[in-house]
Amino acid sequence: MKIESVTLREIQMPLVHFFETSFGRVHARRILLVSVDADGVRGWGECVAGEDPFYSAEWTETAWPTIKHYLAPALLKGELHCGRDCAALFARVRGHRMAKAGLENAVWDAEARQKQQPLWKLLGGSRREIACGVSIGIQDSPEQLLGKIETELAAGYRRIKIKVKPGWDLNVLEKIRARWTDILLSVDANSAYTLDQVEHLRKFDAFKLLMIEQPLWDDEIYLHARLQKVMQTAICLDESIHHARDADFALETGACRIINVKVGRVGGFTEAKKVHDVAKRHGVPVWCGGMLESGVGRAHNIALSTLEGFRLPGDVSASKRYWKQDIIEPEVEVRADGMIGISDEPGTGYQVCEDLVQKFTVREETFRAGKT
Ligand code: OSB
Ligand code: MG
């Protein structure tokens, strides 16, 4: 595989509805898209870093120069046979996993198109349909949240996840459970609590939750193990898991019973597959998290979710929940039974609408072999 050029674009897209977590509210996304041209095909990747360094240290403005000055040059200079080879080329750069994933996944995408194979098959997937859940942000009022849940359940989604933080947690859960006793329900705290609040956290056990995601510090695994010992609700780690070794450590120490796999957070498909394999070895289910992706990242999340270990509904939901118009064709649609059917087309099965990408692009730079 000869990578001839790498193009980095920033697109800006307003969200259909704001999204609020314990670390803040976003109204629009600034997304970095990566495309690589190789052997007559173009592969696309998405860097899922946020607009601010709040979910993780990485954000839009660290990803751009990291790709420009280090990762794209490494890719253009390196010997590369397939997507799997990228991680080694990027290994000298510490961290910056979302930036790495944007590039690596573009290479996997190109590889699948070049081999005329579905990306999901290339990744080792087997599922022909995947189960979808939704992640619903903090709203202006509990009534507004209940209205949203009602809409998503009617649309067929198989699991409702709500964002929680002190002051927007047990009170809201009481209202939800009063109305829907049996739905598959989980919460995501995005590190909003500390171990001092263990008595408060134990009260979550009353609500028969599928899981509580990332209750404690984003850089902590061991203290989650302490918490898991005194909580019935399964802990799921998101922010704390950066690679397969973290996953192994977390599962060995009992810090969680479920793992949220985000391909961007762990640095690309190769590492995401490793995290999946570690969880499988421990007999622990994983599910695919989301980062408010455009269609490019969304299509990649769908392909990843076909791996056997993705046994729980993911945060992979329909394009129209996020965007007035998504940048892929067809848009991601979720069936009335809450599933997404998997395409047999080569690549992701979704085409990138380059004219729309162009329309949303606010900056663009191309790097070529021998010129970086
Ligand atoms: O913690 O899973 C998270 C979005 C941005 C940053 C972090 C998270 C999320 C979500 C949204 O929960 C998932 C989605 O619908 O894409
Ligand atoms: Mg999360």
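Look up: the structure comes first, before these words.
Everything numeric here is computed off the predicted structure, so don't read it as measured data.

Parameters at a glance
Residues numbered from 1 in each chain as written. Chains lettered and ligands numbered in written order. Predicted model: local features only at pLDDT ≥ 70, side-chain atom pairs only at ≥ 80, totals over all residues. Heavy atoms only, no water. Helix = DSSP H or I, 4+ residues; strand = E, 2+ residues; numbered from the N terminus. Rg over C-alpha atoms; globule rule 2.2 N^0.38 Å. Buried < 20%, exposed > 50% of the residue type's maximum accessible area, 1.4 Å probe, protein only. Contact = heavy atoms within 4.5 Å. Areas by Shrake-Rupley, 256 points an atom, 1.4 Å probe, with all protein chains shown as cover. Lys, Arg positive; Asp, Glu negative; His and termini not counted. Charge placed at Lys NZ, Arg CZ, Asp CG, Glu CD. Disulfide = S-S within 2.5 Å. Pairing = 2+ DSSP bridges. Axes fitted to C-alpha atoms, helices over the stretch in contact; angles between N-to-C directions. Near = heavy atom within 4 Å. Polar contact = N/O pair within 3.5 Å; in protein donor to acceptor, adjacent residues only side chain to side chain. Nonpolar A, V, L, I, M, F, W, Y, C, P; charged D, E, K, R; others polar. Salt bridge = Lys/Arg side-chain N within 4 Å of Asp/Glu carboxyl O.

Participant: Break down the overall build of the chain for me, citing the residues and quoting the values.
Facilitator: A tally of regular secondary structure across the chain gives 12 helices and 15 strands. Taking 372 residues into account, the globule formula puts the C-alpha radius of gyration at 21 Å, and the chain, at 20 Å, falls close to it. Looking at the chain as a whole, 61% of its 372 residues are labelled buried. If you take every contact in the chain between residues at least 6 apart in sequence, the share linking residues at least 24 apart comes to 72%. Within the structure as shown, the chain displays about 14,800 Å² of accessible surface, and the carbon and sulfur contribution to it stands at 49%. In the chain, which carries 50 positive and 52 negative side-chain charges, the distance between the mean positions of the two groups comes to 2 Å.

Participant: I'd like a rundown of the state of the cysteines, residues and numbers included.
Facilitator: This structure, assessed with the given rule, holds zero disulfides. Here C47 is not cross-linked by a disulfide; its sulfur's nearest cysteine counterpart is in C86, at 14 Å. The class of C47 is buried, set by a relative accessible area of 1%.

Participant: Break down the side chain of E271 for me, with residues and values.
Facilitator: Tracing the sequence through the fold places E271 in helix α10 (residues 269-281). Owing to a relative accessible area of 18%, E271 belongs among the buried residues under this scheme. Contact partners of E271, with chain neighbours within four places excluded, come to H243, A244 and V266.

Participant: Account for the sheet that holds strand β1 (residues 3-21), with residues named and values stated.
Facilitator: What holds strands together in a sheet is hydrogen bonding between their backbones, with the strands either parallel or antiparallel. A sheet is described by the order of its strands in space; here four strands give the open sequence β3-β2-β1-β15, paired in antiparallel fashion. In this open sheet, the two strands that pair with only one neighbour each are β3 (41-47) and β15 (361-368). Taking the axes of each pair of neighbouring strands and ignoring which way they run, one obtains an average angle of 25° across the sheet. Across the sheet, helix α1 (residues 60-77) touches β1, β2 (24-38), β3 and β15, and the angle it forms with β1 is around 155°. Along the sheet face, helix α11 (residues 295-304) touches β2 and β3 and points at about 95° away from the line of β3.

Participant: Outline the site of ligand 1, supporting the account with residue identities and numerical values.
Facilitator: Taken together, 15 residues sit near ligand 1, with S135, N190, K262, L292 and Y322 positioned nearest. In this structure, an oxygen atom belonging to ligand 1 sits 2.8 Å away from a side-chain N or O atom of N190. Interatomic distance of 2.9 Å between a side-chain N/O atom of K262 and an oxygen atom of ligand 1. Of the residues belonging to the shell around ligand 1, the class tally is five nonpolar, three polar and seven charged.

Participant: I'd love a proper account of unusual backbone geometry, names of residues and values included.
Facilitator: Trans peptide bonds make up the majority, and among non-glycine residues the majority have a negative phi. Cis geometry is found at the peptide bond from E329 to P330, where omega equals -5°. By the secondary structure assignment, P330 is in the loop between β12 (328-329) and β13 (339-341). We note that Q116 has phi near 55°; this positive angle belongs to a residue other than glycine. Within the secondary structure layout, Q116 lies in the loop between α3 (97-114) and α4 (119-122).

Participant: Got a sec to walk through the side chain of D169? Specific residues and values, please.
Facilitator: Within the element layout of this structure, D169 appears in the loop between β6 (160-163) and α6 (170-179). It turns out D169 is buried and unbridged, and the closest side chain with the opposite charge, K203, is 9.4 Å from it. In this structure the side chain of D169 is engaged in a polar contact, spanning 2.6 Å, whose partner is the side chain of Y193. Excluding residues within four positions of it along the chain, D169 makes contact with V164, Y193, H200 and F204.

Participant: Tell me about the pattern of salt bridges, and name the residues and values.
Facilitator: Taken as a whole, this structure holds 31 salt bridges when the rule is applied. The shortest N-O distance in the salt bridge between E51 and R29 comes to 2.8 Å. Of this pair, E51 sits in the loop between β3 and α1 while R29 sits in strand β2, placing them 22 residues apart in sequence. Relative accessible area serves as the criterion here: at 13%, E51 is assigned to the buried category.

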